[in-house]
Amino acid sequence: MNSLAPFLFKLRRKNVSQYKWNSENAALIKDHSLIKHQMYREYIRNYVLERAVLKQMDRISINIVDGFCGGGTYVTKDGAQTSGSPLVVLEALRDAEQLLNIGRIKPIQIDFRLYCFDNDAEALESLRRSISNSEYQKYLDTNIVIKKANFSQEIPKIIERLQHERGRAIFILDQYGYNAVSFDSMSRIFRELPSPEVILTFSYGFLNSFLSEYGKLSKAFEGIGLEAPPRDEFDRAQWEPNGRPFFIQRQLIKGFRAAAPFFTPFFIKSRDSGPLRGSNLSYWLVHLAAHERANDVMKQTHWDLQNHSAHFGGPGLEMLGYDPHRVEQSKQPFMFGDDERALSHKALLDDIPRTMRPANDWMRVGDLWKATCNETPSTSEMQREALAALSNYSEVEILGAGGGAKRGGKVDRTDLIRMPPQTSFFFMKRPAA
Ligand SMILES: C[S@@+](CC[C@H](N)C(=O)[O-])C[C@H]1O[C@@H](n2cnc3c(N)ncnc32)[C@H](O)[C@@H]1O
């Protein structure tokens, strides 16, 4: 390296700031955004691989809408260049295509459209430059559409356009605060498009400033298309430990549930600063989906990235239930690491039989997942591992697709399960969870 380089770099970085791009400088990226990009990258790759397994096709069509796309390139605090969300998406699609085609004679092709919107002209110029200087230059203005727009005004037009495109749509809505994407817009996406998904950044920290003022909180809620939260519950919550933050969380979750059938509400951990294991946990990366398989892929992504996400709630099938008596436990966030995996397994051993009881009817393993996935941080694979253990302890009966009884072993989504019709006298009782 040239000996003047660090000095020149410092000079060039003088005007570097977060989310500000211009012809001289890329914007500065913080650690939590690097983690968010890792989530996008892994999720898109896993999503494509899962689609390819489900549908034995030779072409996968996918539309990605990056509603708050930014300038395409960032600089880290150590001076390294790194991709912004549009390039992260393109790189993830390329990696997925390469992985899919290892050893294939007839290659599978990913047919993509990437729509990039931002209301900052300088950010979009920077994005155009970043793509022009990349291997994706050939897709500019064909498969990659860049447009200056206020995203909420663009929603009806992009929905209409997507209704005429092949393939499903994933919306990456990386707003800076909490109110640039209304709940009405999200509901509309789910009403008007087939099997869409939304990955929404929601700055929970912003709402903290309204914790003590009901009037301001109600206005903020109305501004994003939600009803004002019930006043009496808000007042009652102030007497519970951590009551108001949990109360707000519950109200928002009601809104997400009304917008889409499946969702994950986990926080992104930041190593930048903050009191909790180096985390400020100030924003959610909420994933909304029309299909339970997508919910599974997103959860798998949180587990794959171990210790980068967090949630304050239970490990089993009641993760969102707020119990003031368990607040001490909730102060320790669930970090998707090895300890939490073991905790989840134990909790599922208790929660699955409780959830299935009292019905003794047969149900599909996949339907148990569908009915419970909004309530658990575990993946369907972890649920199936717990079912295998429960069948070993004779606490659940399993029938394979061919109709034969299974005890332990690998459990499939298509297997049938039920609680044993009468209490088991099997001698091998499992250890208490
Ligand atoms: C958090 S940054 C996005 C970064 C980008 N998604 C990434 O990860 O590389 C938010 C971006 O949204 C843009 N923005 C803010 N309000 C907007 C709006 N109402 N419509 C469209 N873009 C907006 C800002 O100019 C900024 O570039």
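Residues numbered from 1 in each chain as written. Predicted model: local features only at pLDDT ≥ 70, side-chain atom pairs only at ≥ 80, totals over all residues.

A. Structural context of the overall build of the protein chain. Helix and strand counts for the protein chain come out as 15 helices and 15 strands. A total of 433 residues make up the protein chain; the buried ones form 38% of that total. Long-range contacts, defined as pairs at least 24 residues apart, comprise 71% of the intrachain contacts of the protein chain with a sequence gap of at least 6. (Helix = DSSP H or I, 4+ residues; strand = E, 2+ residues; numbered from the N terminus. Buried ≥ 20, exposed ≤ 12 C-beta atoms within 10 Å, placed from the backbone. Contact = placed C-beta atoms within 7 Å.)

B. Main features of the site of the ligand. The immediate surroundings of the ligand are formed by 16 residues, with Phe 68, Gly 70, Gly 84, Ser 85 and Asp 120 found nearest. Within the shell around the ligand, the residues separate by chemical class into eight nonpolar, five polar and three charged. (Near = placed C-beta within 6 Å. Nonpolar A, V, L, I, M, F, W, Y, C, P; charged D, E, K, R; others polar.)

C. Representation of the nonpolar core. Residues Tyr 40, Val 89 and Leu 288 are the most contacted members of the largest nonpolar core, which totals 96 residues. Here the element with the most residues in this core is helix α3 (residues 85-100); it accounts for eight residues. Counting contributing residues, this core receives three or more from each of domain 1 (5-331) and domain 2 (351-418). Once residues within four sequence positions are removed from consideration, Tyr 40 is found in contact with Ser 85, Val 88, Val 89, Ala 92, Ile 172 and Ile 199. (Core = buried A, V, L, I, M, F, W, Y, C linked by C-beta atoms within 7 Å. Domains from an automatic or database assignment.)

D. The arrangement of the confidence of the model for the protein chain in detail. For the protein chain, per-residue confidence averages 86 on the pLDDT scale, and 86% of positions sit at 70 or higher. Averaged pLDDT values for the elements of the protein chain fall to 40 in helix α1 (residues 5-13) and rise to 98 in strand β6 (residues 144-148). The model gives residues 1-13 a pLDDT under 50, and that stretch makes two contacts with residues more than four places away or in other chains. Per-residue pLDDT stays below 50 along residues 272-279; that stretch engages in 14 contacts with residues further than four places along the chain or on separate chains. (pLDDT = per-residue confidence, 0-100.)

E. Molecular detail of the packing of helix α13 (residues 338-356) against helix α15 (residues 380-392). Their axes nearest at 9 Å, the elements α13 and α15 cross at an angle of 65°. With respect to their mutual orientation, α13 and α15 come out roughly perpendicular. Crossing of α13 against α15: the hand is right-handed. Along the contact surface, α13 presents Ser 344, His 345, Leu 348, Leu 349, Ile 352 and Pro 353, while α15 presents Met 382, Gln 383, Glu 385, Ala 386, Leu 387, Ala 389 and Leu 390. Grouping the amino acids of the contact of α13 with α15 by side-chain chemistry returns nine nonpolar, three polar and one charged. (Axes fitted to C-alpha atoms, helices over the stretch in contact; angles between N-to-C directions. Parallel < 35°, antiparallel > 145°, perpendicular 65-115°, else oblique. Left-handed = near helix turned anticlockwise from the far one by under 90°.)

F. The arrangement of the sheet that holds strand β13 (residues 397-399) in detail. A sheet is described by the order of its strands in space; here four strands give the open sequence β12-β15-β13-β14, paired in antiparallel fashion. At either end of the open sheet lies a strand with only one pairing partner, and these are β12 (363-364) and β14 (405-406). Sheet topology places β12 next to strand β15 (residues 416-418); two bridges connect them, and they run antiparallel. Residue pairing in the sheet places Arg 364 in a bridge with Leu 416 of β15. (Pairing = 2+ DSSP bridges.)

G. Seen up close, the sheet that holds strand β2 (residues 59-66). The strand order across the open sheet formed by eight strands is β6-β5-β2-β7-β8-β10-β9-β11, and the pairing between neighbours is mixed. The open sheet terminates on both sides in strands that have one partner only, identified here as β6 and β11 (309-310). With eight bridges connecting them, β2 and strand β5 (residues 109-118) associate as parallel partners. Note on β5: the bridge partner recorded for Arg 59 is Gln 109. Across the sheet, helix α4 (residues 121-132) touches β5 and β6, and the angle it forms with β6 is around 160°. Helix α10 (residues 243-259) rests against β9 (262-268) and β10 (283-289) of the sheet, and its axis sits at about 140° to β9.

H. Geometry of helix α11 (residues 292-304). Under the 1.5 Å per step criterion, the end-to-end length of α11 is 18 Å for 13 residues, consistent within 8% with the ideal 18 Å. Among all positions in α11, only Arg 293, Ala 294, Asn 295, Asp 296, Val 297, Met 298, Lys 299, Thr 301 and His 302 are buried. Where α11 terminates, the next one or two residues include Gln 306, which has phi positive at roughly 25°. (Expected span 1.5 Å × (residues − 1).)

I. Geometry of unusual backbone geometry. Its identity as a non-glycine residue notwithstanding, Asp 141 has a phi of 70°, on the positive side. Topologically, Asp 141 is positioned in the loop between α4 and β6. In this structure Asp 141 comes out as exposed when scored by C-beta crowding, with 9 C-beta atoms within 10 Å. Of note, the phi angle at Phe 336 is positive, near 60°, even though the residue is not glycine.

J. The arrangement of the environment of Arg 250 in detail. Mapped onto the elements of the fold, Arg 250 is located in helix α10. Once the C-alpha coordinates of Arg 250 and Pro 229 are considered, the two residues, 21 residues apart in sequence, prove to be 9.8 Å apart.

K. Main features of the pairing of β6. Both β5 and β6 contribute to a ladder of five bridges, which runs parallel. In the strand pairing of β6, Leu 114 is matched with Ile 144. You can see the chain leave β5, run along α4 and come back into β6, and the turn it takes is right-handed. (Right-handed = clockwise from strand over helix to strand, strands pointing away.)

L. Here's a closer look at the pairing of β9. Taken across its seven residues, β9 has six buried, putting it largely inside the fold. Sheet analysis places β9 next to β10, joined by seven bridges and oriented antiparallel. Bridge assignment links Phe 262 to a residue of β10, and that residue is Ala 289. As paired elements, β9 and β11 share two bridges and run antiparallel to each other.

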